[in-house]
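Secondary and tertiary structure notes
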Amino acid sequence: MESQTLDLREHVCPMALLLAKRAAALLASGEQLVILLGDQGAKDDIPKYFKREGFSMQWLDTPASRLLITKK
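Residues numbered from 1 in each chain as written. Predicted model: local features only at pLDDT ≥ 70, side-chain atom pairs only at ≥ 80, totals over all residues. Heavy atoms only, no water.

Tallied over the full model, the rule gives two aromatic pairs. With a centroid separation of 5.1 Å and an interplanar angle of 75 degrees, the aromatic rings of Y49 and F50 are classed as edge-to-face. Ring geometry for F50 versus F55: centroids 4.9 Å apart, planes at 75 degrees, classification edge-to-face. With a relative accessible area of 14%, F55 lands in the buried category. (Phe/Tyr/Trp six-rings, centres within 6.5 Å; stacked < 30°, edge-to-face > 60°. Buried < 20%, exposed > 50% of the residue type's maximum accessible area, 1.4 Å probe, protein only.)

Another aspect to go through is the nonpolar core. Counting residues in each nonpolar core, the largest one holds 18 residues, and the members touching the most others are L8, I35, I46, F50 and I69. The biggest single contributor to this core is helix α1 (residues 15–25), with five residues. Leaving out residues up to four positions away in the same chain, I35 has contacts with L6, L8, A20, I46, F50, S65, R66, L67 and I69. (Core = buried A, V, L, I, M, F, W, Y, C linked by side-chain atoms within 4.5 Å. Helix = DSSP H or I, 4+ residues; strand = E, 2+ residues; numbered from the N terminus. Contact = heavy atoms within 4.5 Å.)

Across five bridges, strand β1 (residues 4–8) lies against strand β2 (residues 32–37) in parallel orientation. The residue bridging Q4 from the neighbouring strand is L33, located in β2. Note on the crossover from β1 through α1 to β2: the handedness is right-handed. (Pairing = 2+ DSSP bridges. Right-handed = clockwise from strand over helix to strand, strands pointing away.)

Summed over all chains, the structure comprises two salt bridges. In this structure, D7 engages R9 in a salt bridge whose closest nitrogen and oxygen atoms are separated by 2.6 Å. Classification of D7 by relative accessible area gives partly exposed; the value is 38%. For R9, a relative accessible area of 48% puts it in the partly exposed group. Here D61 ties to R66 by a salt bridge, and the two come within 3.2 Å at their closest N and O atoms. On the basis of relative accessible area, D61 is assigned to the partly exposed category, the value being 22%. (Salt bridge = Lys/Arg side-chain N within 4 Å of Asp/Glu carboxyl O.)

Right, dumping it as structure tokens:
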């Protein structure tokens, strides 16, 4: 399955979280989105939000900068 990519490396929270929410709202069930993160606040807040909303998630690298989310 091909995933979309959202580059948020130039954004900090809360704008990074808002942009991630908007992009995720467009996903259909089973679709994936790779989110590129640079800001430490975004790396903390965005996974918390998607976990709370029931998305499946996994970090694609270490140190964590690419987050893969899948809409259930």
